[in-house]
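The lines below spell out each chain.
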Amino acid sequence: GVVLGETHYIRTLADVPPEFRQHNWPASSDGPGSCVNASTITILRFMGFEDHARWWMENFEGGEWDTSHISHLQASGLLFAFVSDEADGGEQFLEYCSRNRLPAGIFFGERHAQNFLGYVDAGKTAVVLDNNDPKVLMFYPRAVFLAEWHRCGGFAWTFVYKPAQP
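Remember, it's a predicted structure, so these values are computed and weren't measured experimentally. (Residues numbered from 1 in each chain as written. Predicted model: local features only at pLDDT ≥ 70, side-chain atom pairs only at ≥ 80, totals over all residues. Heavy atoms only, no water.)

### Quick word on the environment of Asn100
The criterion, for reference: Each helix corresponds to a stretch of at least 4 residues labelled H or I by DSSP, and each strand to a stretch of at least 2 residues labelled E; elements are numbered beginning at the N terminus. Burial here depends on accessible area, computed with a 1.4 Å probe over protein chains only, as a share of the maximum for the residue type. Under 20% is buried, over 50% is exposed, and the range in between is partly exposed. Contacts described as polar in this section are N or O atom pairs within 3.5 Å, which, within protein, must combine one atom able to donate a hydrogen with one able to accept it, while residues neighboring in sequence count only if both atoms come from side chains.
Position of Asn100 relative to the elements: it lies in the loop between helix H4 (90-99) and strand E3 (104-107). Exposure remark for Asn100: the relative accessible area of 32% places this residue in the partly exposed category. Residues Asn100 and Pro163, 63 residues apart in the sequence, show an inter-C-alpha distance of 8.6 Å. Within the local environment of Asn100, its side chain forms a polar contact with the backbone oxygen of Tyr96, the two atoms lying 2.9 Å apart.

### Looking at the pairing of strand E5 (residues 125-129)
How we decide: Strands are labelled as partners when DSSP assigns at least two bridges between them.
Counting buried positions over the five residues of E5 gives five, a clear majority of the element. What you see with E5 is no split at all: Thr125, Val127 and Leu129 on one side and Ala126 and Val128 on the other are buried throughout. Alignment of strand E4 (residues 113-120) against E5, held across five bridges, turns out to be antiparallel. When the sheet's bridge partners are listed, Asn115 is paired in E5 with Leu129.

### Remarks on the nonpolar core
Here is the rule: Put simply, buried Ala, Val, Leu, Ile, Met, Phe, Trp, Tyr and Cys residues joined by side-chain atoms within 4.5 Å make one nonpolar core. Every residue pair with non-hydrogen atoms within 4.5 Å of one another is taken to be in contact.
Counting residues in each nonpolar core, the largest one holds 39 residues, and the members touching the most others are Leu94, Ile106, Phe116, Phe145, Trp149, Trp157 and Phe159. In contact with Phe116, not counting residues within four places along its chain, are Leu94, Cys97, Ser98, Leu102, Pro103, Ala104, Ile106, Ala126, Val127 and Phe145. By size, the runner-up hydrophobic cluster in this structure holds 10 residues, among which are Leu13, Val16, Phe46 and Val120.

### Remarks on the pattern of salt bridges
Quick note on the threshold: In the sections that follow, a salt bridge refers to a side-chain nitrogen of Lys or Arg positioned within 4 Å of a carboxyl oxygen of Asp or Glu.
Tallying each qualifying case throughout the model produces six salt bridges. As a salt-bridge pair, Glu50 and Arg45 come within 3.7 Å of each other at their nearest N and O atoms. Looking at Glu50, the relative accessible area reads 31%, which means it is partly exposed. Classification of Arg45 by relative accessible area gives buried; the value is 16%. Measuring nitrogen to oxygen at the nearest pair gives 3.5 Å for the salt bridge that ties Arg54 to Glu50. Linking Arg54 with Glu50, this pair stays in helix H2 (residues 50-59), spanning four residues, or about one helical turn. Exposure remark for Arg54: the relative accessible area of 42% places this residue in the partly exposed category. Sharing partners across several salt bridges, the network here consists of Arg45, Glu50, Asp51 and Arg54.

### Thoughts on the side chain of Asn115
Looking at the element boundaries, Asn115 is found in strand E4. Within the structure, Asn115 has its side chain in polar contact with the backbone oxygen of Ser39 (distance 3.2 Å). Those residues in contact with Asn115 that sit more than four places away from it in its chain are Ser39, Thr42, Ile43, Ala104, Gly105, Ile106, Val127, Val128 and Leu129.

Here is the structure:
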């Protein structure tokens with residue numbers, strides 16, 4: 001991907017301000033990082049749910065599978081949607097998120113979760129926020145992005161609310 005500095009904003013995306021971007025953190029049990037949870041907290045903050053974001057951080061940490069994360073999404077009491085390669089519609093889900101300025105959490109990269117922020121360049125380029133370095137946005141050609149996302153299981157999730165105004 002191409003790295004772009006934190007000061008660049010693209011108004012048509014789920015353009016998450018730097019102060020809403022949750023950095024990945026290690027689990028207190030010396031287990032794996034909390035990238036799935038960090039991605040979820042970023043979504044919650046962007047949508048204006050700061051109380052839920054704090055609740056999430058206090059209650060969940062460490063590595064997650066899609067099934068454990070779905071149960072945590074259910075426990076939140078918020079409306080959410082998810083897709084995986086086991087069901088149809090994954091790429092359409094990402095299109096919907098992009099058109100509606102909804103950041104999505106995605107399994108992307110080796111045993112990692114990040115945030116999909118949308119497509120730019122007439123849909124030819126995907127924009128990804130990596131919670132290991134949330135100061136920068138990564139840009140991937142759409143075909144490269146989708147190939148990696150599918151390689152990682154095609155799992156994506158978001159909360160189904162209109163985001164806060166920029």
